[in-house]
Amino acid sequence: MKSVAVSLSPEEFNLIVDSLPSSDEGNKLKKELSSIKANQRKGNEVLNKMEEEYPETMDLFKKVLAEEYNLFAKKQADYGPGNISMNGNKDLAILGLGVRMNDKTQRILNLAYNKNDAQNESLEDSFRDISIYGIIAQIVLNDKWGK
């Protein structure tokens with residue numbers, strides 16, 4: 001089953017919740033929906049607070065995520081999903097991602113702690129690669145890679 005994101009006004013949300021039957025199942029669903037809505041409000045409050053207190057940090061975080069998403073898409077167009085999926089072997093895929101992340105970590109340590117100048121990729125590039133590999137690992141763990 002596919003999920004669909006729908007944006008509802010508070011009034012529309014309340015109308016839907018109020019229209020649920022008063023059965024055990026309906027009451028359970030009402031409680032779950034109300035809990036989700038409360039968590040969303042709380043999450044929005046945190047986001048608003050963080051964006052107010054740290055606007056430059058939050059703006060750059062969003063920009064970096066967008067850049068990483070675009071880089072991921074371009075690399076996937078070049079590589080395809082096969083370089084990660086390891087013929088459907090999830091354990092091997094995770095191991096491979098761990099090795100890739102370790103390679104980048106070792107590069108970062110060499111550049112940062114030994115004060116070496118980057119000859120190929122910048123320090124920022126290595127951190128970006130680790131970030132993307134971490135997201136890819138989460139997709140693999142959720143059995144959504146290449147789907």
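Residues numbered from 1 in each chain as written. Predicted model: local features only at pLDDT ≥ 70, side-chain atom pairs only at ≥ 80, totals over all residues. Heavy atoms only, no water.

Chemist: Teacher, can you tell me more about the side chain of glutamate 68 here?
Modeler: For glutamate 68, the location among the structural elements is in helix α3 (residues 55–79). For the buried glutamate 68, which has no salt bridge, the nearest side chain bearing the opposite charge is arginine 128, at an N-O separation of 4.8 Å. (Helix = DSSP H or I, 4+ residues; strand = E, 2+ residues; numbered from the N terminus. Buried < 20%, exposed > 50% of the residue type's maximum accessible area, 1.4 Å probe, protein only. Lys, Arg positive; Asp, Glu negative; His and termini not counted. Salt bridge = Lys/Arg side-chain N within 4 Å of Asp/Glu carboxyl O.)

Chemist: I would appreciate a short explanation of the confidence of the model for the protein chain in the present structure.
Modeler: Predicted coordinates in regions of low pLDDT should not be interpreted in detail. Of the residues in the protein chain, 95% have a pLDDT of 70 or more, and the chain-wide mean is 88. Ranking the elements of the protein chain by mean pLDDT puts helix α1 (residues 10–18) last, at 76, and helix α6 (residues 123–141) first, at 96. (pLDDT = per-residue confidence, 0-100.)

Chemist: How should I be thinking about the pattern of salt bridges in this particular structure?
Modeler: Two side chains that carry opposite charge are able to pair once their charged atoms sit near each other. Applying the stated rule across the entire model yields nine salt bridges. Its salt-bridge partner being glutamate 121, residue lysine 104 comes within 2.9 Å of it at the nearest N-O pair. Of this pair, lysine 104 sits in helix α5 (residues 90–113) while glutamate 121 sits in the loop between α5 and α6; the two residues are 17 residues apart in sequence, bridging distant segments of the chain. Taking relative accessible area as the criterion, lysine 104 reaches 13% and is therefore assigned buried. You can call glutamate 121 partly exposed: its relative accessible area is 24%. Salt bridges sharing partners connect three or more residues here, namely Lys75, Lys104, Glu121 and Asp129.

Chemist: Just checking my understanding: could you explain the packing of aromatic side chains for this structure?
Modeler: Geometry of an aromatic ring pair is reported as the spacing of the ring centres plus the angle between the planes. Per the stated rule, a full pass over the model turns up one aromatic pair. Seen from their ring centres, phenylalanine 72 and tryptophan 145 are 6.1 Å apart, and the 65° between their planes marks the pair as edge-to-face. Note that phenylalanine 72 is positioned in helix α3 and tryptophan 145 in the segment after α6, a separation of 73 residues in sequence. (Phe/Tyr/Trp six-rings, centres within 6.5 Å; stacked < 30°, edge-to-face > 60°.)

Chemist: Explain the layout of surface pockets here, please?
Modeler: One simple way to see leftover space: roll a probe sized like a water molecule over the atoms. When its volume is computed, the largest pocket comes out at roughly 270 Å³. Lining the largest pocket are 14 residues, and of these Lys75, Tyr79, Asn83, Tyr133 and Ile136 lie nearest its centre. Contributing elements (two or more residues each) for the lining of the largest pocket: α3, α4 (82–85), α5 and α6. The class makeup of the residues in the lining of the largest pocket is seven nonpolar, two polar and five charged. (1 Å grid on protein atoms, 1.4 Å probe; cavity = no way out; pocket = protein on both sides within 12 Å on 5 of 7 lines; lining within 4 Å. Points joined across faces, edges and corners; volume = space filled by probe spheres on them. Nonpolar A, V, L, I, M, F, W, Y, C, P; charged D, E, K, R; others polar.)

Chemist: Help me out: how do you make sense of the nonpolar core in this one?
Modeler: Across soluble globular proteins, nonpolar side chains have a tendency to be buried as a group. In terms of nonpolar packing, the biggest core is built from nine residues, these being Ile84, Ala93, Leu97, Ile132, Tyr133, Ile136, Ala137, Val140 and Trp145. Of all elements in the fold, only α5 and α6 reach the threshold of two or more residues within this core. A total of five residues in this core trace back to one element, the largest contributor, which is α6. In this structure tyrosine 133 touches Leu97, Arg100, Met101 and Lys104, once residues within four positions along its chain are discounted. (Core = buried A, V, L, I, M, F, W, Y, C linked by side-chain atoms within 4.5 Å. Contact = heavy atoms within 4.5 Å.)

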